Structure formats: structure tokens, C-alpha cells
Amino acid sequence: MPMEDHATAVLRWDESAEGAPKLVLLDQTRLPAEEVELVCKDVSDLVAAIRALSVRGAPLLGVTGGYGVALAAALGEDVAEAADRLASSRPTAVNLASGVRRVERAYRAAVGGGAGDEQAAAAALAEAKALHGEDAAASTRMAHLGRELLGELLPGRRLRLLTHCNTGRLVSGGRGTAFAVVSAVHDAGDLERLWVDETRPLLQGSRLTAYEAEREGMPYSVLADSAAGSLFAAGQVDAVLIGADRIAVDGSVANKVGSYPLAVLARHHGVPFLVVAPVTTVDGATENGRDIVVEQRPAGEVTQISSPSQPAGIAVGGGSVRLAPNGAEAYNPAFDVTPPHLVTAIVTEAGVVSPVTRETVAGLCSPSRTRTSRWGNGMMNA
Ligand SMILES: CSC[C@@H](O)[C@@H](O)C(=O)COP(=O)(O)O
């Protein structure tokens with residue numbers, strides 16, 4: 001069932017009620033147990049929601065950050081200070097900072113053009129809404145191109161696709177990134193099974209992707225991340241599809257921790273490893289994968305698990321259960337970086353990039369990008 005059919009939108013700007021506008025989010029830390037709205041009345045609320053992963057996933061973080069700047073402007077907060085706090089609330093997903101800066105630029109341009117406070121706030125909101133709409137359109141295009149690519153790579157068969165983390169409607173103005181491609185395959189009747197990595201430690205796969213797969217009526221199975229190797233060995237995976245939080249100019253892909261081992265497995269077993277991400281995730285300012293800042297999260301996310309009412313293990317207060325001895329230290333990077341030579345193709349709304357090289361990826365950043373019409377030879381026409 002599509003997300004719009006539910007009363008709770010993933011994110012909405014609310015100015016219908018009396019008083020000041022608010023940003024209302026579907027609190028993703030409460031899924032799949034319950035659909036609960038989280039009302040952000042100001043930028044501090046929103047920054048807290050972003051840090052707690054109540055709202056998450058690269059494209060949606062960009063859209064949320066943009067609305068955050070609009071909220072600051074509407075409330076008469078210091079927009080520059082609010083933009084800095086929003087942009088730095090999580091470091092890895094480039095969309096967050098770029099969404100924030102884009103809306104901040106629109107606000108400044110309005111102020112520079114002589115707009116009053118209300119007009120400038122309206123300009124910021126219009127830009128945030130435009131970004132939201134563009135993200136939805138990009139999602140539709142990526143779904144189409146990704147499905148087409150799978151048809152070329154793996155013709156004439158029903159597909160067993162493996163995905164990691166969560167990349168569907170919960171992270172996007174539309175149907176998402178990698179999950180949007182899976183949805184398109186499913187809609188066409190070509191999905192034999194979606195393998196859903198649970199995605200330790202915060203379980204974005206089992207909590208969120210399985211929730212979305214269930215609602216779309218897909219055949220799916222959740223697996224422990226460590227079970228993926230045996231699935232590949234058994235010949236049960238036709239392709240891996242993931243999203244991305246940041247793609248460096250050299251084609252390195254930062255995504256949820258656990259993506260890199262899947263790329264290694266995929267290469268070993270000769271399985272295509274596809275990254276699906278909007279052009280806004282390609283960061284022209286980050287030359288190499290080693291320059292990508294990987295967010296380190298609290299140890300408690302690994303060493304404890306919370307009660308069902310706080311299923312993500314994010315809030316480690318009352319109701320949490322220890323998974324490791326008191327005092328255990330933990331290594332908890334939120335993301336890892338997959339080198340370009342392990343990535344078969346990057347699917348963007350502007351086209352499919354393959355092979356993934358500095359030259360082909362740089363084409364996505366430059367205004368004068370060139371595209372070729374054959375997959376496997378630079379870029380496919382969008
Ligand atoms: C389209 S979403 C791509 C990525 O943002 C997604 O795979 C991911 O890693 C999200 O991480 P999260 O820490 O849940 O924000």
C-alpha cells in the first residue's frame with residue numbers, strides 16, 4: 001500500500017493550525033510498531049529529530065534541512081545560525097548540507113532583492129517545496145532507469161534482489177532510491193524475492209524496509225547481515241541494490257555500514273552491485289572516498305537494545321537490555337565507503353553511470369556533462 005494512503009505523511013509542512021507553522025515528521029524510530037507524528041516547532045526540535053534518526057536517509061535529510069531553513073525564516077530565528085546547526089547535525093549525507101544551503105541561498109537572494117521578512121520566508125518555503133518536488137521526480141526517473149538496467153543486465157528472468165538499510169518512501173519525496181527500483185520490478189511482476197538485510201545496529205532494514213515491502217505486497221525475507229554470504233554462495237542473489245549518502249568524485253560510495261562487505265561478496269560471486277542515488281548525492285567537493293567524513297554513533301546503539309516502544313535502540317534509557325558487559329567499548333561507524341571498482345553502476349535521474357570512474361562520475365557534477373547512449377560506455381541517456 002503506498003505511503004500516501006496512510007494518514008501519516010513522512011514529512012509535512014503544517015501551517016493549518018492556529019499559531020506558527022511547524023514541520024511534522026513520521027517518527028521513524030517508532031516504526032514498525034506504531035505510526036506516530038513528531039511535531040517540530042522550531043529548529044532545535046528538528047536538529048534533535050535528525051540526530052535521533054526520527055527523520056533519516058540522504059534525500060529526505062536534504063528536503064528536511066531545506067524545510068528547516070524555511071521554518072527558521074518563518075519563526076524569525078537567525079537563519080544563518082539555524083542553517084549552520086542544521087547542516088552540521090549529521091556529517092555524512094551530503095544532501096543535508098546541500099538542501100540547507102540551497103534554501104538559505106533562496107532566502108538571502110530574496111532579502112538581497114529587497115524582500116521583507118514575510119516575503120523572504122515565503123521564498124525559502126517555496127524553494128524547500130521545489131526541492132521536495134524535484135526529489136519525487138528524481139525518484140520516478142531512477143526507478144525507471146534502474147529497472148531498465150536490470151532488464152539489460154539480467155534479461156528474461158524474475159529477480160532475487162538484495163538490499164541494505166532503507167531506501168524507500170521513508171527517505172524521499174517519492175518512492176525512494178534503490179527501493180523505488182525494487183518497487184518498479186515488483187510492479188512489473190518480475191520480483192521473485194527481496195532479501196532485506198536487517199542492518200545492524202539500528203535495524204533500518206528489518207524495521208523500515210520490511211515495513212515498506214510488506215505494505216507493497218512484495219515477496220521478501222529479512223536476514224541477519226551476517227547471513228548474506230551464505231545466500232550469495234547458494235546462488236540466491238541476482239543483484240544488490242543500495243542507496244548512497246555521499247558519492248565522491250572518484251566514484252567511492254558512502255552508504256550504511258555493511259554496504260562495503262556486500263560489494264566484496266557481490267564481486268566475488270559475479271553479481272551486479274548497483275547504487276541508486278539522485279545527482280544531489282554526488283559531491284563535487286569531495287574528490288576521494290577517503291575524504292568522506294563517516295559519522296561515528298554512540299556505543300550504546302551496539303551494546304544495548306531498547307524496549308519495543310523504542311525499537312531502534314536509539315533511546316537507551318528505560319527499558320533497554322544490555323547486549324554486552326557494562327563498560328564494553330564499541331566500534332559504531334554509521335557508514336562505510338565502497339571503492340568505485342566494486343560498483344557495477346550508479347543509477348541517477350540524469351542517467352546510468354558505468355563504468356564508475358573519476359571521469360564518468362565527474363560528468364555528473366559538471367554543467368557540461370556528456371552522455372553516451374550505450375550502457376557500459378560512460379553514461380546511458382536519461
Ligand atoms: C536513499 S537512502 C540512502 C542512504 O541514505 C541510506 O541507505 C542510509 O544509509 C541511511 O542511513 P541513516 O543512518 O538511516 O540515515
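Residues numbered from 1 in each chain as written. Predicted model: local features only at pLDDT ≥ 70, side-chain atom pairs only at ≥ 80, totals over all residues. Heavy atoms only, no water.

J.: I'd like to hear about the overall build of the chain, residue by residue, with values.
T.: Secondary structure assignment for the chain yields 11 helices and 16 strands. In terms of overall size, the chain behaves like a compact globule, its C-alpha atoms giving a radius of gyration of 20 Å where 382 residues would be expected to give roughly 21 Å. Taken along the three principal axes of its C-alpha coordinates, the chain extends 60 × 55 × 40 Å. Taken across its 382 residues, the chain has 55% of its residues classed as buried. Contacts in the chain between residues at least 24 apart in sequence constitute 72% of all its contacts with a sequence separation of at least 6. Between the averaged position of the 34 positive side-chain charges in the chain and that of its 44 negative side-chain charges there is a distance of 4 Å. (Helix = DSSP H or I, 4+ residues; strand = E, 2+ residues; numbered from the N terminus. Rg over C-alpha atoms; globule rule 2.2 N^0.38 Å. Buried < 20%, exposed > 50% of the residue type's maximum accessible area, 1.4 Å probe, protein only. Contact = heavy atoms within 4.5 Å. Lys, Arg positive; Asp, Glu negative; His and termini not counted. Charge placed at Lys NZ, Arg CZ, Asp CG, Glu CD.)

J.: Could you give an account of the pattern of salt bridges, naming the residues involved and the relevant values?
T.: Counted by the stated rule, this structure contains 21 salt bridges. Glu77 is the partner of Arg85 in a salt bridge, and the nearest nitrogen-oxygen pair spans 4.0 Å. Taking the relative accessible area as the measure of exposure, Arg85 reaches 27% and is therefore partly exposed. Classification of Glu77 by relative accessible area gives partly exposed; the value is 23%. The closest approach of N and O atoms between Asp283 and Arg246, which form a salt bridge, is 2.6 Å. In this pair, Asp283 is assigned in the loop between β10 (273-276) and α10 (300-303) and Arg246 in strand β8 (residues 246-247), connecting sequence segments 37 residues apart. For the pair shown, Asp283 and Arg246 are each scored as buried. Connected via shared salt-bridge partners are Asp84, Arg101, Glu104 and Arg108. (Salt bridge = Lys/Arg side-chain N within 4 Å of Asp/Glu carboxyl O.)

Geometry only, nothing functional implied.
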